[in-house]
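For reference, the chains in residue letters:
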Amino acid sequence: MAELRVPPGRAGRLRLRRGLEVARRGADLLDRKLRVLRARHEELLRAEGEARERWHARLTEAESWLRRGLILGGEEALDETAVRRPAELEVTWTSTMGVRHPRAAMCAVPEPDPDEPAPANTALVHAEAGYADAVRAGAEYAAAAAAARAVGDELLATRRRVRALRRHWIPRLEAALARVDAGLEQNEHEDAVRRKWVADLQARGR
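Residues numbered from 1 in each chain as written. Predicted model: local features only at pLDDT ≥ 70, side-chain atom pairs only at ≥ 80, totals over all residues. Heavy atoms only, no water.

**Some thoughts on unusual backbone geometry**
No. 1: Despite not being glycine, M97 shows a phi value in the positive range, around 50°.
No. 2: Examined against the element boundaries, M97 turns out to sit in the loop between β1 (88-96) and β2 (99-108).
No. 3: For M97, a relative accessible area of 40% translates into the label partly exposed. (Helix = DSSP H or I, 4+ residues; strand = E, 2+ residues; numbered from the N terminus. Buried < 20%, exposed > 50% of the residue type's maximum accessible area, 1.4 Å probe, protein only.)

The structure is reproduced here in structure tokens:
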């Protein structure tokens, strides 16, 4: 790691002290941010896990009804199923410590048109409704996963910045300040010795 460039003398010491103060204050602020992010990330991970379980449950239920419908009506029963308009997704956003992430996702699945042919049997009706629920649950899960990922990425980045300050930058500043302090102390000592020597010579010359 390259040596710090510090102006000589007291100007260098003043700059180092200011830099050290700023670095320590920055590390403290990042520590507080880290605590907030860590707590929020844990909440979002729990929400993601719950959303994933809901999505899997809805999907499993829909697939179960689909299998029953195919047993009752055969694969050709799906040929009579109408193609609907795409679902519409709306995502609302929020932020945590400056990190923008999804707050929620609302997915609107179009209702069947009254003029469309009905599914061939009741099981397929349940399957149709089940897949609509699964799509909505999948959107909620995707939003929860994206939120957890965004906050998690910022958590890691903040942890790296704190580590860089605490383990590298602050120790470098402290070491540089110690060297400057030692140099100034040595200079002051040498000045004092010279002044005493001059004073002794003047006293002997009288």
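**Thoughts on the packing of aromatic side chains**
No. 1: All told, the structure shown has one aromatic pair when counted by the stated rule.
No. 2: Seen from their ring centres, W55 and Y141 are 5.4 Å apart, and the 20° between their planes marks the pair as stacked. Here W55, found in helix α1 (residues 9-73), pairs with Y141, found in helix α2 (residues 122-205); they are 86 residues apart in sequence, far enough to count as distant.
No. 3: The positively charged end of R68 is found above the aromatic ring belonging to W65, 4.3 Å away from the centroid.
No. 4: Across from the ring centre of W93, 4.3 Å away, lies the NZ or CZ of R100, which sits over that ring. (Phe/Tyr/Trp six-rings, centres within 6.5 Å; stacked < 30°, edge-to-face > 60°. Lys NZ or Arg CZ within 6 Å of the ring centre and 35° of its normal.)

**Focus on the pairing of β1**
No. 1: Two strands pair when backbone bridges link them, and β1 and β2 are joined in this way by nine bridges, in the antiparallel orientation. By the bridge assignment, T94 is partnered in β2 with H101.
No. 2: Counted between consecutive antiparallel strands, the loop separating β1 from β2 contains two residues, among which M97 sits at a positive phi close to 50°. (Pairing = 2+ DSSP bridges.)

**Re α1**
No. 1: Spanning 65 residues, α1 covers 91 Å between terminal C-alpha atoms, matching the ideal 96 Å at 1.5 Å per step.
No. 2: G74 occupies a position one or two residues after α1 and carries a positive phi of about 80°. (Expected span 1.5 Å × (residues − 1).)

**Some points on the environment of G69**
No. 1: Here G69 shows up in helix α1.
No. 2: The spacing of G69 and N121 is 52 residues in sequence and 6.5 Å in space, taken between C-alpha atoms.
No. 3: In this structure G69 touches G74, N121, A123 and L124, once residues within four positions along its chain are discounted. (Contact = heavy atoms within 4.5 Å.)

**Things to note about the nonpolar core**
No. 1: Counting 13 residues, the largest nonpolar core has L16, L20, A23, L165, I170 and L173 as the members making the most contacts within it.
No. 2: At the level of secondary structure, the elements contributing two or more residues to this core comprise α1 and α2.
No. 3: It is α2 that provides the largest number of residues to this core, a total of eight residues.
No. 4: With near-sequence residues (within four places) excluded, L165 lies in contact with A23, G26, A27, L30, I170 and P171.
No. 5: Residues L34, L37, L44 and A148 belong to the second largest nonpolar core, which totals eight residues. (Core = buried A, V, L, I, M, F, W, Y, C linked by side-chain atoms within 4.5 Å.)

**Focus: the pattern of salt bridges**
No. 1: A complete count under the given rule lists nine salt bridges for this structure.
No. 2: The salt bridge involving R166 is made with D28; its shortest N-O contact spans 2.9 Å. Of this pair, R166 sits in helix α2 while D28 is found in helix α1, placing the two residues 138 residues apart along the sequence.
No. 3: Residues D31 and R166 are paired through a salt bridge, measuring 2.6 Å at the closest nitrogen-oxygen approach. One end of the pair, D31, is in helix α1; the other, R166, is in helix α2, and 135 residues separate them in sequence.
No. 4: For R166, a relative accessible area of 35% puts it in the partly exposed group.
No. 5: One continuous salt-bridge network, built from bridges that share partners, spans D28, D31 and R166. (Salt bridge = Lys/Arg side-chain N within 4 Å of Asp/Glu carboxyl O.)

**Comments concerning the layout of surface pockets**
No. 1: In this structure, the second largest pocket spans a volume of roughly 190 Å³.
No. 2: Taken together, 15 residues line the second largest pocket, and the ones lying closest to its centre are A47, R103, E140, A143 and A144.
No. 3: Elements supplying a minimum of two residues to the lining of the second largest pocket: α1, β2 and α2.
No. 4: Split by residue class, the lining of the second largest pocket holds nine nonpolar, one polar and five charged. (1 Å grid on protein atoms, 1.4 Å probe; cavity = no way out; pocket = protein on both sides within 12 Å on 5 of 7 lines; lining within 4 Å. Points joined across faces, edges and corners; volume = space filled by probe spheres on them. Nonpolar A, V, L, I, M, F, W, Y, C, P; charged D, E, K, R; others polar.)

Honestly, it's all geometry; don't read function into it.
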